[in-house]
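Remarks on the overall topology
Now for the letters of each chain:
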Amino acid sequence: MKVTAFNGSPRKNGNTSIAINILLEQLEKEGIETEMVQVGGMNINPCKACDKCRKVKDGFCHGYKVDKKDILNDYLKKIYESKGLIIGSPVYFGSVTPETKSLIDRVGYCARSTGMDNLLKRKVCSGVAVVRRQGAGTTLEQINNLFALCEVIVPYSSYWNMVMGKEKGEILNDKEGINNLKNLGNNMAWLLKKLYG
Ligand SMILES: Cc1cc2nc3c(=O)[nH]c(=O)nc-3n(C[C@H](O)[C@H](O)[C@H](O)COP(=O)(O)O)c2cc1C
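Residues numbered from 1 in each chain as written. Predicted model: local features only at pLDDT ≥ 70, side-chain atom pairs only at ≥ 80, totals over all residues. Heavy atoms only, no water.

Here we come to the pairing of strand E4 (residues 124-131). Buried residues dominate E4, accounting for 8 of its 8 residues. By the bridge criterion, 7 bridges tie strand E3 (residues 84-90) to E4 in an arrangement that is parallel. The residue bridging Ile 86 from the neighbouring strand is Ser 126, located in E4. The parallel pair E3 and E4 is bridged by helix H4 (residues 98-111), and the resulting crossover is right-handed. Bridge count for E4 against strand E5 (residues 162-164) is 3 bridges, and the pairing is parallel. Pairing of Val 131 across the sheet is with Met 164, part of E5. (Buried < 20%, exposed > 50% of the residue type's maximum accessible area, 1.4 Å probe, protein only. Helix = DSSP H or I, 4+ residues; strand = E, 2+ residues; numbered from the N terminus. Pairing = 2+ DSSP bridges. Right-handed = clockwise from strand over helix to strand, strands pointing away.)

Here's what the structure looks like:
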């Protein structure tokens, strides 16, 4: 059983990756395989509403030529092979990063394009926001919009799925946020084992 986590920050080893790793450590302690995948700074184009995915119906994007090196289909393959999905993003102007938004739009559109069950159905999914001060609520809502439209199952913690900090590593001072993420990781592992263990 595998969980794939996407880091929406262009800072590869920044706060979002630290936050995601806290979740992944809890999952691994419970014997669940994990992989962190970089999205921030990668070549992930926006959805161009060509609707080719809805014609081909294989759950993948057919809107970009292979030579454009668009990375979305590699990500989709990893997601479809996983029982769980984590999307983490830093807050940029009160929002997810542009790469995270492209991921949300295109994963959702492709997964729902088969004409039968959508391909995220009943996967266990969590969003995480990393914020200096303001915008975590909107950012989490943007990630949860993907989950809400794809019949996934979302575990929660005892507070919002967010942690606070600006400079790399600063979130480690947010003890409440870190403990909250550990608890979220535990709840995600518990749910995955109940459903798929
Ligand atoms: C372009 C840009 C916009 C940002 N906008 C916000 C914002 O609206 N609200 C906020 O609290 N922090 C904002 N931040 C701060 C980041 O969310 C914060 O530094 C976060 O820890 C970065 O995570 P990372 O290390 O994973 O990149 C912004 C940072 C950048 C670079």
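So, about helix H5 (residues 136-148). The terminal C-alpha atoms of H5, which comprises 13 residues, lie 18 Å apart, in line with the 18 Å expected from a rise of 1.5 Å per residue. Residues of H5 that are buried in the fold lie against E3, H4, E4 and E5. (Expected span 1.5 Å × (residues − 1). Contact = heavy atoms within 4.5 Å.)

Inspection of the region around the ligand gives 17 residues, with Ser 9, Asn 15, Thr 16, Arg 133 and Gly 165 positioned closest. One nitrogen or oxygen atom from the main chain of Lys 166 is found 3.2 Å from an oxygen atom belonging to the ligand. Class assignment for the residues of the shell around the ligand results in 6 nonpolar, 7 polar and 4 charged. (Near = heavy atom within 4 Å. Polar contact = N/O pair within 3.5 Å; in protein donor to acceptor, adjacent residues only side chain to side chain. Nonpolar A, V, L, I, M, F, W, Y, C, P; charged D, E, K, R; others polar.)

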